[in-house]
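Each chain, letter by letter, is given below.
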Amino acid sequence: MLRIFRHYVSGLACGLFVGDVGVILIAFYLTELSAAWAGRASFSARFIEVAAVNTFVLYLGDLYQPKRAPGHREVMARLLVCQAVSALLIAAIGFTVPSLKLGRSAFLEIFVLTLVGLMAWRGIALGAWSQQQLTNRVLVLGTGAVGRLIADLEPISSRPFRIIGYLDDSPGAADSVPEGHALLGKIQDLD
């Protein structure tokens, strides 16, 4: 976890953000080299506009929530929707601030390259950080009603977790451990 402006942000989310900005920079640079007219403003001003809008819309699309790992199809659908919204916002900014307006071919090229690049980057990122690595490991103290409720929530929780075992001091704890889980010892064995 990284601390940024008194907020804790996961390293995975920061990695996704840096990768996204890198993809947008590459798409923007390739467009700058090949497009006939990419706009009047400086390269950095246009890049900052496109990168800020894109990453903000990706954030709104919940694509920086590493603990909630959606499947490949859902990520691709969200990327497509986020890119469409980003394109509309950047076009609107271009009409309100004419110096930031992108040429038609540059506009289309930036968004096609960015969409393809983000899909490839997110595909690689999803492959590298599997659901198994994003699953929290939980040690449950007690085998009572709350301990059984936690076991019932394991398969249906929106935040994936895996119970590694139970600790309980009561003499009948071995009989009250939910099926499929192990009693690892007493609470005093926690050390």
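Preceding block: the structure.
Residues numbered from 1 in each chain as written. Predicted model: local features only at pLDDT ≥ 70, side-chain atom pairs only at ≥ 80, totals over all residues. Heavy atoms only, no water.

A short note on the sheet that holds strand S5 (residues 183–185)
Stage number 1. Sheet architecture is open: 3 strands sit in the order S3-S4-S5, paired in parallel fashion. Looking along the sheet, the strands with just one partner apiece sit at the ends: strand S3 (136–141) and S5. Each neighbouring strand pair of the sheet contributes to a mean axis angle of 40°, computed without reference to strand direction.
Stage number 2. By the bridge criterion, 2 bridges tie strand S4 (residues 161–167) to S5 in an arrangement that is parallel. If you follow Leu167 over to S5, its bridge partner there is Gly185.
Stage number 3. In the packing of helix H6 (residues 145–153) onto the sheet, the strands contacted are S3 and S4, and the crossing angle to S4 comes to about 155°. (Pairing = 2+ DSSP bridges. Helix = DSSP H or I, 4+ residues; strand = E, 2+ residues; numbered from the N terminus. Axes fitted to C-alpha atoms, helices over the stretch in contact; angles between N-to-C directions. Contact = heavy atoms within 4.5 Å.)

Thoughts on helix H1 (residues 11–34)
Stage number 1. Across its 24 residues, H1 extends 35 Å between first and last C-alpha, which sits within 8% of the 34 Å expected from 1.5 Å per residue.
Stage number 2. Within H1, the full set of buried residues consists of Leu12, Ala13, Cys14, Leu16, Gly19, Asp20, Val23, Ile24, Ala27, Phe28 and Thr31. (Expected span 1.5 Å × (residues − 1). Buried < 20%, exposed > 50% of the residue type's maximum accessible area, 1.4 Å probe, protein only.)

Some remarks on helix H3 (residues 72–96)
Stage number 1. When the terminal C-alpha atoms of H3 are compared, their 36 Å separation across 25 residues agrees well with the 36 Å that a helix rising 1.5 Å per residue should span.
Stage number 2. Buried residues of H3: Val75, Arg78, Leu79, Cys82, Gln83, Ser86, Ala87, Ile90 and Gly94, and no others.

Side note on the packing of aromatic side chains
In this description, a pair of aromatic rings is defined by centroid distance and the angle of the planes.
Stage number 1. Within this structure, the stated rule accounts for 5 aromatic pairs.
Stage number 2. Note on Phe28 and Phe47: the rings are 6.0 Å apart at their centroids and 65° apart in plane angle, and the pair reads as edge-to-face. Of the two residues, Phe28 sits in helix H1 while Phe47 sits in helix H2 (residues 43–60), which places them 19 residues apart along the sequence.
Stage number 3. The class of Phe28 is buried, set by a relative accessible area of 1%.
Stage number 4. Relative to Phe47, the ring of Phe43 lies with its centre 6.4 Å away and its plane at 5°, an arrangement referred to as stacked. With Phe43 and Phe47 both in helix H2 and 4 residues apart, this pair spans about one turn of that helix.
Stage number 5. For Phe43, a relative accessible area of 28% gives the class partly exposed.
Stage number 6. What makes Phe47 buried here is its relative accessible area of 14%.
Stage number 7. Joined through ring pairs, the aromatic side chains of Phe28, Phe43 and Phe47 make up one cluster. (Phe/Tyr/Trp six-rings, centres within 6.5 Å; stacked < 30°, edge-to-face > 60°.)

Focus on the packing of H2 against H3
Stage number 1. Where H2 contacts H3, the axes come no closer than 9 Å and their chain directions differ by 140°. Of the possible angle classes, the one that applies to H2 and H3 is oblique. Read as a crossing pair, H2 and H3 show a hand that is right-handed. For the pair H2 and H3, the contacting residues are Glu49, Val50, Val53, Asn54, Val57 and Leu58 in the first and Leu79, Cys82, Gln83, Val85, Ser86, Leu89, Ile90, Ile93 and Gly94 in the second.
Stage number 2. For the contact of H2 with H3, the per-class residue count stands at 10 nonpolar, 4 polar and 1 charged. (Parallel < 35°, antiparallel > 145°, perpendicular 65-115°, else oblique. Left-handed = near helix turned anticlockwise from the far one by under 90°. Nonpolar A, V, L, I, M, F, W, Y, C, P; charged D, E, K, R; others polar.)

Some thoughts on the layout of surface pockets
Stage number 1. There is about 180 Å³ of room inside the second largest pocket.
Stage number 2. If you trace the second largest pocket, you find it lined by Ile90, Ala91, Gly94, Phe95, Leu100, Lys101, Leu102, Gly103, Arg104 and Phe107.
Stage number 3. When residues of the lining of the second largest pocket are traced back to their parent elements, those giving at least two are H3 and helix H4 (104–128).
Stage number 4. Across the lining of the second largest pocket, the residue classes break down as 6 nonpolar, 2 polar and 2 charged. (1 Å grid on protein atoms, 1.4 Å probe; cavity = no way out; pocket = protein on both sides within 12 Å on 5 of 7 lines; lining within 4 Å. Points joined across faces, edges and corners; volume = space filled by probe spheres on them.)

Description of the side chain of Glu154
Stage number 1. Within the secondary structure layout, Glu154 lies in the loop between H6 and S4.
Stage number 2. Look at Glu154: it is buried, it has no salt bridge, and the nearest opposite charge is Arg162 at 6.4 Å.
Stage number 3. Within the local environment of Glu154, its side chain forms a polar contact with the backbone nitrogen of Ile163, the two atoms lying 3.0 Å apart.
Stage number 4. The residues touching Glu154, leaving out its near neighbours within four places in the chain, are Phe161, Arg162, Ile163 and His181. (Lys, Arg positive; Asp, Glu negative; His and termini not counted. Salt bridge = Lys/Arg side-chain N within 4 Å of Asp/Glu carboxyl O. Polar contact = N/O pair within 3.5 Å; in protein donor to acceptor, adjacent residues only side chain to side chain.)

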